[in-house]
Amino acid sequence: MKHITIIPARYGSTRFPGKPLVSLINKPIIQYVYENAQKCSENVFVATDDERILNAVKQLGGKAIMTSKDHQSGTDRCAEAAETLQKDFYFDVVINIQGDEPFVRTEQIVSLIKCFEDEKTDIATLIKKIDSPEVLFNPNRPKVTIDNQQNALLFSRATIPYLRGKETEDWLSSHDFYNHLGMYAYRTDVLAEITKLHPSKLELAESLEQLRWLENGYRIKTAITEFESIGIDTPEDLKVAEEFLKTQS
């Protein structure tokens, strides 16, 4: 199975403009993402809508491709880049690593790729067992329920499942809950298909694009990771990332 890694990175973030080029300790955020992706992917490309990001990646010796400014999601940006890159070489699976995930690990990417050993897998994503009430009841940390084959049943910003007859302080000790980490992989043909779907009712209700895929019958395989994701959405998140880096040195 051949795969390609695409890192969608846009400049005009509402909460943190220019985020991919912001320095994290000693190098731009996008460089961390790119270098970590390269550890297990031969073909890594940044898909961007801004020449400043394009040029920065190329100056680092990386590969980048320009895409439209009109995309609503990283998935859409990945799809455009994949369609262009398919003209040059063949790949079965597209790995999508967001440009604000500087600490993505090799083990996580490998776990996503292994999901496609199941021929029924259309899409793969990462989940992590929840171990704190702060995550369990935080609507900004989407949850997921899974079946016996680790296929996603439902994603929600609410705490799912609801434990009837249990006090909320006892939930974590009574059931395994999972947090969804926003890293995806798709079969190449599936990626092209899902970006042509119209927004679904559940997606609009929860503002979670993966619900559109479930509602349209696509199978999302999950891989359990032990490593927490530290995405950088705001300047405050950057400070958290800096503190994390200091603990690793």
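Cut-offs used in this document
- Residues numbered from 1 in each chain as written.
- Predicted model: local features only at pLDDT ≥ 70, side-chain atom pairs only at ≥ 80, totals over all residues.
- Heavy atoms only, no water.
- Helix = DSSP H or I, 4+ residues; strand = E, 2+ residues; numbered from the N terminus.
- Rg over C-alpha atoms; globule rule 2.2 N^0.38 Å.
- Buried < 20%, exposed > 50% of the residue type's maximum accessible area, 1.4 Å probe, protein only.
- Arc of directions from axis to C-beta.
- Contact = heavy atoms within 4.5 Å.
- Phe/Tyr/Trp six-rings, centres within 6.5 Å; stacked < 30°, edge-to-face > 60°.
- Lys NZ or Arg CZ within 6 Å of the ring centre and 35° of its normal.
- Pairing = 2+ DSSP bridges.
- Expected span 1.5 Å × (residues − 1).
- Salt bridge = Lys/Arg side-chain N within 4 Å of Asp/Glu carboxyl O.
- Patch = residues over 30% accessible without salt bridge, like charges linked within 9 Å, V, L, I, M, F, W, Y side chains within 5 Å.
- Areas by Shrake-Rupley, 256 points an atom, 1.4 Å probe, with all protein chains shown as cover.

(A) Summary view of the overall build of the protein chain. When helices and strands are counted, the protein chain shows ten helices and eleven strands. Its C-alpha atoms give the protein chain a radius of gyration of 18 Å, within 12% of the compact-globule value 18 Å for 249 residues. The dimensions of the protein chain, computed from C-alpha atoms along their principal axes, are 60 × 40 × 30 Å. Expressed as a percentage of the 249 residues in the protein chain, the buried residues total 49%.

(B) Here's a closer look at helix α4 (residues 106-114). Along α4, the residues classified as buried are Q108, I109 and L112. The arc enclosing the buried residues of α4, seen along the axis, measures out at 95°, which places them on a common side. Buried residues along α4 sit against α1 (29-38), β6 (93-96), β7 (123-129) and β10 (178-187).

(C) View of the environment of A81. Looking at the element boundaries, A81 is found in helix α3 (residues 74-85). For A81, a relative accessible area of 0% gives the class buried. For the pair A81 and M66, spaced 15 residues apart in the sequence, the C-alpha separation amounts to 7.8 Å. In contact with A81, not counting residues within four places along its chain, are I6, A47, I65 and T67.

(D) Spotlight on the packing of aromatic side chains. Under the counting rule described, the total for this entry stands at nine aromatic pairs. Ring centres 4.8 Å apart and planes at 55° place the aromatic pair F103 and F244 in the tilted group. One end of the pair, F103, is in the loop between β6 and α4; the other, F244, is in helix α10 (residues 235-248), with 141 residues separating them in the sequence. The partly exposed category is assigned to F244, whose relative accessible area is 30%. The ring centre of Y11 lies 3.7 Å from the NZ or CZ of R52, which sits over that ring. We note K63 situated over the ring of F45; from NZ or CZ to the ring centre the distance is 4.8 Å.

(E) Just the pairing of β10, in detail. With nine of ten residues buried, β10 is to be regarded as a mostly interior element. One ladder, built from four bridges, connects β6 with β10; its direction is antiparallel. Across the sheet, the residue bridging to N96 is Y184, located in β10. Relative to β10, β7 is paired through seven bridges, and the arrangement is antiparallel. For K129, the partnering residue across the bridge sits in β10 and is Y178. With two bridges joining them, strand β8 (residues 143-146) and β10 adopt antiparallel strand pairing. Residue K143 lies in a different strand from β10, and its bridge partner there is N179.

(F) Geometry of α10. Taking 1.5 Å of rise per residue, 14 residues should cover 20 Å, and α10 covers 20 Å from first to last C-alpha, within 8% of that figure. Among the residues of α10, L238, A241 and L245 are the ones counted as buried. Along α10, the residues classed as buried sweep out an arc of 60° about the axis, all on the same side. Away from its buried face by more than 90 degrees, α10 exposes E236, K239 and T247. Those residues of α10 that are buried lie in contact with β2 (23-24) and α1.

(G) Here's a closer look at the environment of G62. Inspection of the secondary structure puts G62 in the loop between α2 (51-59) and β5 (64-66). Exposure remark for G62: the relative accessible area of 13% places this residue in the buried category. As a C-alpha pair, G62 and F137 span 75 residues in sequence and 39 Å in three-dimensional space. When near neighbours in sequence (up to four residues on either side) are disregarded, G62 contacts Y34 and V57.

(H) Summary view of the pattern of salt bridges. Inspection of every chain in the model, using the stated rule, returns 13 salt bridges. A salt bridge links K19 to D100; its shortest N-O distance comes to 3.1 Å. Of this pair, K19 sits in the loop between β1 (3-9) and β2 while D100 sits in the loop between β6 and α4; the two residues are 81 residues apart in sequence, bridging distant segments of the chain. The pair K19 / D100 is uniform in exposure class, with both members buried.

(I) Structural context of a nonpolar patch on the surface. A surface patch of nonpolar side chains, about 250 Å² in accessible area, is lined by L153, L154 and L202. The topology assignment puts L154 in strand β9 (residues 152-156).

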